[in-house]
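# Breakdown of the fold
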Amino acid sequence: MTDQSPFEPIELPASRLAVDTRSEGRPGGSGLPPNRRRGRNVLLAAAVVATLVVLVLGPLRTKVRDALGGHPTTTTVPVPVDVAIPPGFRLANIINRYHSMVPSLSVTAMRRALTDGSVTSTLLPPGGVPASRLPENGSALEGLLLPSTWSVPRGASADLVLENMVSGMEDETAQLGISAAAQRLNLTPYQIITVASMVQAEAGNPDEAPKIARVIYNRLAADEPLGIDATSKYLKCVTSLNEQVCQSPLTNADFKVDSPYNTRTHRGLPPTPIGAPGKDALEAAMNPAAGPWRFYVRAVADDSLGRPQHEFFADNTSADYNRAVQACMASSLGC
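Check the secondary structure of the protein chain and you find 11 helices and seven strands. Counting the 335 residues in the protein chain, one finds 47% classified as buried. Pairs at least 24 residues apart make up 68% of the contacts formed inside the protein chain by residues separated by at least 6 positions. As displayed, the protein chain has an accessible area near 16100 Å², and 54% of this comes from carbon and sulfur atoms.

Moving on: the pattern of salt bridges. Pairing of side chains with opposite charge becomes possible as their charged atoms draw close. Counted according to the given criterion, the structure contains 10 salt bridges. Across the pair Arg307 and Asp303 runs a salt bridge, and its minimum N-O distance is 2.8 Å. The exposure class assigned to Asp303 is buried, which follows from its relative accessible area of 16%. Members of the salt-bridge network, linked through shared partners, are Asp207, Asp303 and Arg307.

So, about the pairing of strand E4 (residues 81–84). Burial along E4 is one-sided: the face carrying Val81 and Val83 is buried and the face carrying Asp82 and Ala84 is not. The pairing of E4 with strand E5 (residues 149–152) spans four bridges and is antiparallel. Note that in E5 the partner of Asp82 across the bridge is Ser151.

Let us now look at the state of the cysteines. Summed over all chains, the structure comprises one disulfide. With a sulfur-sulfur separation of 1.9 Å, Cys237 is cross-linked through a disulfide to Cys246. Its torsion about the S-S bond being 75°, the disulfide of Cys237 and Cys246 is classed as right-handed. In terms of burial, Cys237 and Cys246 fall into one category: buried.

Bringing the nonpolar core into the picture now. Counting 67 residues, the largest nonpolar core has Tyr98, Ile192 and Val199 as its most contacted members. Per-element tally for this core: the top contributor is helix H6 (residues 189–202), with seven residues. Residue contacts for Val199: discarding those within four places in its chain leaves Ala209, Ile212, Ala213, Ile216, Ala281 and Ala284.

Turning next to the environment of Arg323. Structurally, the position occupied by Arg323 is in helix H11 (residues 319–330). By relative accessible area, which is 42% here, Arg323 ends up partly exposed. Among the polar contacts listed, one links the side chain of Arg323 to the side chain of Glu311, at a separation of 3.0 Å.

To continue, consider the confidence of the model for the protein chain. Within the protein chain, residue pLDDT values average 84, and 77% of them lie at 70 or more. Scored below 50 in pLDDT, residues 1–35 shows 79 contacts in the model against residues more than four places distant or in partner chains.

This brings us to the packing of helix H2 (residues 91–101) against helix H3 (residues 107–115). Where H2 contacts H3, the axes come no closer than 9 Å and their chain directions differ by 140°. When the axes of H2 and H3 are compared, the pair comes out oblique. For H2 against H3, the interelement crossing comes out right-handed. Of the residues in H3, those in contact with Leu91, Ala92, Ile95, Asn96, Tyr98 and His99 of H2 are Val107, Met110, Arg111 and Leu114. The residue makeup of the contact of H2 with H3, split by class, is seven nonpolar, two polar and one charged.

Here we come to helix H8 (residues 229–240). Relative to the 16 Å expected for 12 residues at 1.5 Å per residue, H8 spans 17 Å between its end C-alpha atoms, a close match to the ideal helical length. Listing the buried residues of H8 in full gives Ala230, Thr231, Ser232, Tyr234, Leu235, Lys236, Cys237 and Val238. Structurally, H8 contributes buried residues whose contacts are with H6 and helix H9 (243–247). Looking one or two places after H8, you find Leu241, whose phi comes out positive at around 55°.

Calculation notes
- Residues numbered from 1 in each chain as written.
- Predicted model: local features only at pLDDT ≥ 70, side-chain atom pairs only at ≥ 80, totals over all residues.
- Heavy atoms only, no water.
- Helix = DSSP H or I, 4+ residues; strand = E, 2+ residues; numbered from the N terminus.
- Buried < 20%, exposed > 50% of the residue type's maximum accessible area, 1.4 Å probe, protein only.
- Contact = heavy atoms within 4.5 Å.
- Areas by Shrake-Rupley, 256 points an atom, 1.4 Å probe, with all protein chains shown as cover.
- Salt bridge = Lys/Arg side-chain N within 4 Å of Asp/Glu carboxyl O.
- Pairing = 2+ DSSP bridges.
- Disulfide = S-S within 2.5 Å.
- Core = buried A, V, L, I, M, F, W, Y, C linked by side-chain atoms within 4.5 Å.
- Polar contact = N/O pair within 3.5 Å; in protein donor to acceptor, adjacent residues only side chain to side chain.
- pLDDT = per-residue confidence, 0-100.
- Axes fitted to C-alpha atoms, helices over the stretch in contact; angles between N-to-C directions.
- Parallel < 35°, antiparallel > 145°, perpendicular 65-115°, else oblique.
- Left-handed = near helix turned anticlockwise from the far one by under 90°.
- Nonpolar A, V, L, I, M, F, W, Y, C, P; charged D, E, K, R; others polar.
- Expected span 1.5 Å × (residues − 1).

This is the structure in structure tokens:
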């Protein structure tokens, strides 16, 4: 996973909660569905009230005389909770993070909202993703929730919180020009986000993300298996929903699983994204670097900023490629 740089909090209603009238990425340019507009308006009203109280009055403490004894009591207006969702988080991570920060958002309610149609996205492919293609505990909405820091008003429902993150990803990708990129690359927006999610998982730093994207596109064009271990890691994680299992190293058995997420043995893209891509990964997937690379190997040395990096190769037969692999293996970097 890439090193994360700080990002600015996004208030649960700010510009993202206004009705989006831009047509890019939205069929017919009709903006958001009525139910999402209503959801955003509810969050807007709640957060505006809380923000005015906090910014204008400070932590509001209202002393009220007890009707019987005349003793003052103090009440505090609850303020929104900032919940940080970093790039690369899977839906399971997002759900658990929200529940830990806002206990009223139950894991059950959030999982239900992501599977019963309560939350949807214009970025989903036409007809959705067949259930037979999804892994156990998987969701077609994987990768379609924008990673950022979200300000959640107290009492917000699971549907509204998750819908807002979906709207955030729709807005972000529209601003980055995903519709034009999809036409240029002959892919769907959903496929581009799937590529971005793999770039997010594989790139050692944002500078090399466009090269990682190019490797993926070159291998797709050559009809070669992508061979990206992060997709097998995702399958292992999402199936178990156990972070201890997820953190354990991949084994030969993991690479023999008969699944479209095993990109060592199956050609093409996995059925869904494998995590929430950040802006750098999205931009890289939409604007890959130009080059012949089809392979990359983890470099032994980090870059000048201490970030992991890779070496890139057009084939896997050169002396330089073999040298890079041997050095990577000798340093136990997961080659």
